[in-house]
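Descriptive structure summary
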Amino acid sequence: MSDIKVSRILFEFETIIKDHSFYLDELQNMIEIPEFDVEKAERLIKRMRRVRRDLERGINVITQNVESMSETNMKEEALGILNYLMTVGLKEEKEMLMQLKDGLTKRGIQNDLEKDVDQIQRILNNISRFSF
């Protein structure tokens, strides 16, 4: 049963991680422009929140089931994705959101990006119990 649950998540993650990477690129480009469009940033953050919810849901399924999986290749793939998200994907997102938060604050714009950063840290803590 664990193999089936993780298999479904891995299938969904193909699209989710692709979207996440695309949004990270957009966020990076936005941060590099000193006078970025705030409305565009807000839309991007909303899309990233949806993707992050999907990532968190999938990560929870993987972390709850990976140890009881019998399919070795699928288990390795799941752990590889967790490793990628921990060392690259979510780490970069956290850093960029903190940069965006600073940029918005300097412009006098209130934001709630601290909640996003806290959510990412919670996800990273969940993943960190696995050694890579």
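This text follows the structure it describes.
Within each chain, residues carry numbers counting from 1 in the order of the written sequence. Where local features are concerned, this predicted model is filtered to residues with pLDDT of at least 70; where side-chain atom pairs are given and counted, the filter is 80 or more; whole-chain, interface and lining totals use all residues. In computing side-chain properties, one takes all heavy atoms of the structure into account and sets aside hydrogens as well as water.

Here's the deal with helix α4 (residues 113–127)
Each full turn of the α-helix corresponds to 3.6 residues, which orients residues three or four apart in the same direction. Helix numbers and strand numbers start at the N terminus; a helix is a DSSP run of H or I with at least 4 residues, a strand a run of E with at least 2. To estimate how far a helix should reach, multiply one less than its number of residues by 1.5 Å. Compared with the 21 Å implied by 1.5 Å per residue over 15 residues, the 21 Å span of α4 between its first and last C-alpha is a close match. Any residue under 20% of the maximum accessible area for its type is buried, any over 50% is exposed, and the rest in between are partly exposed; the area is computed with a 1.4 Å probe on protein chains only. The complete set of buried residues in α4 reads L113, D116, V117, Q119, I120, I123, L124 and I127. Down the axis of α4, the buried side of the element spans an arc of 160°, and every buried residue falls inside it. Only heavy atoms enter the contact rule, under which two residues are in contact if any of them lie within 4.5 Å. In this structure, the buried side of α4 is in contact with α2 (38–65) and α3 (72–106). Think of the arc as the fan of directions from the helix axis to the C-beta atoms.

Quick notes on the pattern of salt bridges
Side-chain pairs of opposite charge can arise where the charged atoms are in close proximity. A pairing counts as a salt bridge when a side-chain nitrogen of Lys or Arg comes within 4 Å of a carboxyl oxygen of Asp or Glu. This model, assessed by the stated rule, comprises 8 salt bridges. D112 serves as the salt-bridge partner of R49, at 3.0 Å between the closest nitrogen and oxygen. Here R49, found in helix α2, pairs with D112, found in the loop between α3 and α4; they are 63 residues apart in sequence, far enough to count as distant. When its relative accessible area of 37% is taken as the criterion, D112 is described as partly exposed. Between R122 and E56 there is a salt bridge whose closest N-O contact spans 3.0 Å. With R122 in helix α4 and E56 in helix α2, the pair connects residues that are 66 residues apart, well separated along the chain. On the accessibility criterion, R122 (47% relative accessible area) is partly exposed. Under the relative-accessibility criterion, E56 is labelled buried at 15%. Beyond isolated ion pairs, a larger network of salt bridges with shared partners links R49, R52, E93, D112 and D116.

Considering the packing of aromatic side chains
The geometry of an aromatic ring pair is captured by the separation of the ring centres together with the interplanar angle, meaning the angle of the planes. Here is the rule: rings of Phe, Tyr and Trp (six-membered ring for Trp) pair when centre to centre is within 6.5 Å. Planes less than 30 degrees apart are stacked, more than 60 are edge-to-face, and the remainder are tilted. Tallying each qualifying case throughout the model produces 1 aromatic pair. Charge over a ring is defined by NZ of Lys or CZ of Arg lying within 6 Å of the ring centre and within 35 degrees of the ring normal. Taking NZ or CZ as reference, R107 lies 4.8 Å from the ring centre of F36, over its face.

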